[in-house]
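An overview of the molecular structure
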Amino acid sequence: MRYISTRGTAPILDFQAVTLTGLASDGGLYMPESWPTLSTEQIAKMRGMSYVDTAVEVMAPFVEGTLTRDDLRTLCTEAYGRFSHAAVTPLVQLDGTHWLLELFHGPTLAFKDVALQLLGLLFERFLSGTNKHLTVVGATSGDTGSAAIDALAGRAGVDVFMLHPKGRVSDVQRRQMTTVLAPNIHNIALEGASFDDCQALVKAMFNSRDFAGRFALSAVNSINWARLMAQVVYYFYAAVRLGAPERPVAFSVPTGNFGDVFAGYVAAKMGLPIAKLIVATNVNDILHRALSQGDYSQGTVIPTPAPSMDIQVSSNFERLLFDLGGRDGNALAAQMHGFEASKAMRLTNAQRDGGASLLHSDRIDLDDMALAMRWACDGTGQVIDPHTAIALAAARRAELGDMPIVTLATAHPAKFGDAVERATGMRPALPARIGDLFDREERYASLPGTFEAVTGYIAERAVPSA
Ligand SMILES: *Cc1c(COP(=O)(O)O)cnc(C)c1O
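Residues numbered from 1 in each chain as written. Predicted model: local features only at pLDDT ≥ 70, side-chain atom pairs only at ≥ 80, totals over all residues. Heavy atoms only, no water.

For the chain, the helix and strand inventory stands at 19 helices and 15 strands. Against the compact-globule benchmark of 23 Å for 466 residues, the chain has a radius of gyration of 20 Å, which places it among compact chains. Principal-axis analysis of the C-alpha atoms places the extent of the chain at approximately 60 × 50 × 45 Å. Counting only residues that meet the buried cut, the chain has 62% of its 466 residues in that class. Summarising the internal contacts of the chain: among those between residues at least 6 apart in sequence, 76% fall at separations of at least 24. When the accessible area of the chain is evaluated, it comes to approximately 16500 Å², of which 49% is carbon and sulfur surface. Across the chain, the 40 positively charged side chains and the 48 negatively charged ones have centroids separated by 1 Å. (Helix = DSSP H or I, 4+ residues; strand = E, 2+ residues; numbered from the N terminus. Rg over C-alpha atoms; globule rule 2.2 N^0.38 Å. Buried < 20%, exposed > 50% of the residue type's maximum accessible area, 1.4 Å probe, protein only. Contact = heavy atoms within 4.5 Å. Areas by Shrake-Rupley, 256 points an atom, 1.4 Å probe, with all protein chains shown as cover. Lys, Arg positive; Asp, Glu negative; His and termini not counted. Charge placed at Lys NZ, Arg CZ, Asp CG, Glu CD.)

For the rest of this paragraph, the subject is the side chain of His105. Mapping His105 onto the fold places it in the loop between β4 (98–102) and α5 (112–127). On the basis of relative accessible area, His105 is assigned to the buried category, the value being 14%. There is a polar contact of 2.8 Å between the side chain of His105 and the side chain of Glu102. Non-local contacts of His105, meaning those with residues more than four positions away in its chain, are made with Phe83, Ser84, His85, Val88, Pro90 and Arg433. (Polar contact = N/O pair within 3.5 Å; in protein donor to acceptor, adjacent residues only side chain to side chain.)

What follows deals with the packing of helix α16 (residues 366–380) against helix α18 (residues 417–424). Direction vectors running N to C along α16 and α18 enclose 75°, while the axes themselves pass 9 Å from each other. Judged on the interaxial angle alone, α18 and α16 are roughly perpendicular. Residues Ala370, Met373, Arg374 and Cys377 of α16 form the contact with α18, whose participating residues are Ala419, Val420, Ala423 and Thr424. For the contact of α16 with α18, a count of residues per class yields six nonpolar, one polar and one charged. (Axes fitted to C-alpha atoms, helices over the stretch in contact; angles between N-to-C directions. Parallel < 35°, antiparallel > 145°, perpendicular 65-115°, else oblique. Nonpolar A, V, L, I, M, F, W, Y, C, P; charged D, E, K, R; others polar.)

This part is about the pairing of strand β10 (residues 274–281). A regular strand carries its side chains on alternate faces of the sheet. Counting buried positions along β10 gives six out of eight residues, so the element sits mostly inside the fold. Strand direction decides the pairing type here: strand β9 (residues 249–254) and β10, joined by six bridges, are parallel. Bridge pairing links Val249 to Ile274 in β10. In this view, the connection linking β9 to its parallel neighbour β10 by way of helix α11 (residues 259–269) has right-handed handedness. When β10 meets strand β13 (residues 359–363), the two strands line up parallel, connected through five bridges. Its bridge partner lying in β13, Leu277 is registered against Leu359. (Pairing = 2+ DSSP bridges. Right-handed = clockwise from strand over helix to strand, strands pointing away.)

Turning next to the pattern of salt bridges. Counted according to the given criterion, the structure contains 25 salt bridges. A salt bridge links Arg7 to Glu340; the shortest N-O distance between them is 2.9 Å. Of this pair, Arg7 sits in the loop between β1 (3–5) and α1 (15–20) while Glu340 sits in helix α14 (residues 329–342), and the two are 333 residues apart along the sequence. Residue classification places Arg7 among the buried residues on the basis of a relative accessible area of 4%. Given the relative accessible area of 36%, Glu340 is considered partly exposed. One salt bridge in this structure joins Asp150 and Arg82, with 3.5 Å as the shortest N-O distance. (Salt bridge = Lys/Arg side-chain N within 4 Å of Asp/Glu carboxyl O.)

Put into structure tokens, the structure is as follows:
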């Protein structure tokens, strides 16, 4: 499989190179050159398969030329062996049509572990035997940071610099990052910054010839293709358990950076019969405005109890626009440059029409989020986190008849204990594996949110590229 940039001019890469890179050199994001498809028979065979076997079937076409199926199986067995549930991502039934897909049984209790546990092993494999040293720079609204840090702490050949908006991640999220004291982990709290500010700084580092030229920069945000690839797996895993390929299934996805829901789009492109993909946003609704009205214009971020969705610029949306717009890199580059200059753009008719039959978006406010948490708790006995609640609220509002709807449960409720307690009166306990989180020592730097401050800090500590 070969990978091309959404902006048309960066070099074409293979899977290994695309995994180790971040942003493409033309500012775009890497995408497979074409979508591999799985036949109805191949999908039907997944019905009784374990998570790891499903993962091998789904990911093999994307790693072709770099990893064999046996290599892939070994890596997946190790990555998913670290999950605390035997099914890795179990389905839980809520009522006649609604299901939760619990994606939070990994080490840091959010769905980001599904991709990052594998990505950590891919990095290790691709770096071993080389003298390459990677400098991972990332921005996090909370969950990516902890998942990446857990996956990369103590690994040879990698330093991680993780930026989070100071005071805007939950205490559990912050401590999951800052209590990892491995010397290759560097946490940076950006003063007065939002997640979008952190993300913009990371993008600026990749785009700075001077800085990017001195270090082998790498990304663990969902701009990294391998992350999205790993997330395609659970759409297949869940859908075949609910009757696919014969019976179509809908998914509702709490969306921030459009990574998780884009993985669902990829699953549909590969032949999985997904009838609807519900793009659920909170009041930071740029994606809902874009998909329902064609208006992709950046507002100011409003902090909410679902911080991983407090995003106004969704990096992976560019991948969707590229694919829906006929994969014209030049046209997309011009459109994105327009957006970067004016912070607003209109979707083209092709981009709007192309997504219309599959994608449905909704915006869920704080009241509806709290109502969904209460409905799940009182009506079904399930305590859910604020992000999951937003997707569940959107799923319950979508009128899809008796089709099964799977809501992606993206975080363990204990990660957002205060918000859950406010809505339901129940305080979810931290699982035993992180029960002592509040007794551990924390370490992080607080920096002003400027390019100079952050790159200066990193340059003093990172290993220059050879
Ligand atoms: C990251 C995250 C999201 C948003 O996922 P995207 O891939 O950025 O759209 C939703 N919920 C939780 C709990 C997350 O950590």
